[in-house]
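Summary of the model geometry
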Amino acid sequence: MVEARRQLALPLDLPQSFAGEVLPDSSNAEAMAWLGQEAGWPEHRLALFGPAGVGKSHLLRQQATRRGWRVLQGPALSGVPEPAPTALDDADCVADEEALFHLINACAAAGLPLLLAGRSPPARWPVRLPDLASRLRATATAGITEPSAQLLASLLARDFSERQLIVPPAVQEWLLARMPREAAYVARAAELLNSPTLAAGGAVTRGLARAALADWPGFGADALHVHDVSAAEAALPSPATPALL
């Protein structure tokens, strides 16, 4: 099951995990329900799956932090791991299939939780070991889908509020209409806008956002025809963080 470690297709580096609680949403409702019923996981095992950027790693690490579990990376897994409550990210990128097989068996035999995360359900992972394939097919799964527009808006407003940035509602809507629909981009956008806004000493405008995010599609030269917000619009206070979904 050899696969190169995946990276987000973005010209700027993104953090491997994001600060803040995962907000409930229709996109992660199934996963959060399963995570809240750890005692009911068949064979003490659960796999989160979904496309890139939907928050699998964030949710996995949040669960591990709350429960005090160790966090391992699939591509680095090797040998015969000691049994322990474990969260294994990028589990579908494991190169040492025997190591994953031993980890699954050890956790199941000891009654210890094992949380996996990958882009597709474990039954579809291209493994060669028949016994490992059998264990993966028997793993309970919870899918995570693309975040809703409401969730992305809540995340963006929360990130701006935490940084005490003044961002008019119209500018927030303008940003959300152009950014990829991934929580990672929302967090990174707020981070990039923080320094130039503080330096300018005012509210975030479309012009400032275009300059800070110029390397992102939709914010560079192709967006220059869009006029900046008016002084009156820029003076509007940032809305309060929306209620959690």
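Anyway, here's the lowdown on the structure attached to this text.

1. Comments concerning the overall build of the chain
Within the chain one finds nine helices and five strands. Counting from the amino terminus, helix and strand elements in the chain follow one another as α-β-α-β-β-α-β-α-β-α-α-α-α-α. Here the chain, with 245 residues, has 47% of them falling under the buried criterion. Summarising the internal contacts of the chain: among those between residues at least 6 apart in sequence, 70% fall at separations of at least 24.

2. Some thoughts on the packing of helix α3 (residues 97–110) against helix α4 (residues 130–137)
If you want to describe how two helices pack, look at the angle between their axes and the distance between the axes. Between α3 and α4, the shortest axis-to-axis distance is 10 Å and the interhelical angle comes to 50°. Here α3 lies oblique to α4, going by the angle between them. Read as a crossing pair, α3 and α4 show a hand that is left-handed. Between α3 and α4, the contacting residues are E97, L100, F101, I104 and N105 on the first element and D131, L132, R135 and L136 on the second. Tallied by class, residues from the contact of α3 with α4 come to five nonpolar, one polar and three charged.

3. Things to note about the sheet that holds strand β2 (residues 70–73)
Taken in spatial order, the five strands make up an open sheet running β2-β3-β4-β1-β5, and their pairing is parallel. Among the strands making up the open sheet, the edge pair consists of β2 and β5 (140–143). Adjacent strand axes in the sheet meet at a mean angle of 20° when their direction is disregarded. Alignment of β2 against strand β3 (residues 86–89), held across four bridges, turns out to be parallel. Bridge assignment links Q73 to a residue of β3, and that residue is D89.

4. Some thoughts on the pattern of salt bridges
Overall, the coordinates contain five salt bridges when judged by the stated rule. As a salt-bridge pair, E38 and R67 come within 2.9 Å of each other at their nearest N and O atoms. Pair noted here: E38 is in the loop between α1 (29–35) and β1 (45–49) and R67 is in helix α2 (residues 56–67), with a separation of 29 residues, a long-range link. On the basis of relative accessible area, E38 is assigned to the partly exposed category, the value being 23%.

5. Here's the deal with unusual backbone geometry
Phi is positive for H44, close to 65°, though the residue is something other than glycine. Looking at the element boundaries, H44 is found in the loop between α1 and β1. Overall, H44 belongs to the partly exposed group, its relative accessible area being 32%. A positive phi angle, near 50°, is found at D90, a position not held by glycine. Tracing the backbone shows D90 in the loop between β3 and α3.

6. What to know about the packing of helix α5 (residues 149–162) against helix α6 (residues 169–178)
It is at 11 Å that the axes of α5 and α6 come closest, and there the two elements cross at 125°. Classified by the angle their axes make, α5 and α6 are oblique. The way α5 lies across α6 gives a crossing that is right-handed. For the pair α5 and α6, contact is made by L152, A153, L156, A157 and F160 and by Q172, L175 and L176, respectively. Looking at the contact of α5 with α6, its residues break down into seven nonpolar, one polar and no charged.

7. With respect to the packing of aromatic side chains
How two aromatic rings sit relative to each other is set out by the distance from centre to centre and by the angle between their planes. A full pass over the atoms with the stated rule returns four aromatic pairs. Relative to W216, the ring of Y185 lies with its centre 5.5 Å away and its plane at 85°, an arrangement referred to as edge-to-face. One end of the pair, Y185, is in helix α7 (residues 183–200); the other, W216, is in the loop between α8 (206–212) and α9 (231–234), with 31 residues separating them in the sequence. Here the two residues Y185 and W216 agree in accessibility, since each one is buried.

8. Some words on the environment of L88
Within the fold, L88 resides in strand β3. Through-space distance from the C-alpha of L88 to that of L115 is 6.1 Å; in sequence the pair is 27 residues apart. Once you skip the residues sitting within four places of it in the chain, L88 turns out to touch L60, L72, Q73, G74, L77, V94, L100, L103, L115, L116 and A117.

The rules behind each value
- Residues numbered from 1 in each chain as written.
- Predicted model: local features only at pLDDT ≥ 70, side-chain atom pairs only at ≥ 80, totals over all residues.
- Heavy atoms only, no water.
- Helix = DSSP H or I, 4+ residues; strand = E, 2+ residues; numbered from the N terminus.
- Buried < 20%, exposed > 50% of the residue type's maximum accessible area, 1.4 Å probe, protein only.
- Contact = heavy atoms within 4.5 Å.
- Axes fitted to C-alpha atoms, helices over the stretch in contact; angles between N-to-C directions.
- Parallel < 35°, antiparallel > 145°, perpendicular 65-115°, else oblique.
- Left-handed = near helix turned anticlockwise from the far one by under 90°.
- Nonpolar A, V, L, I, M, F, W, Y, C, P; charged D, E, K, R; others polar.
- Pairing = 2+ DSSP bridges.
- Salt bridge = Lys/Arg side-chain N within 4 Å of Asp/Glu carboxyl O.
- Phe/Tyr/Trp six-rings, centres within 6.5 Å; stacked < 30°, edge-to-face > 60°.

Nothing here speaks to function; it is all geometry.
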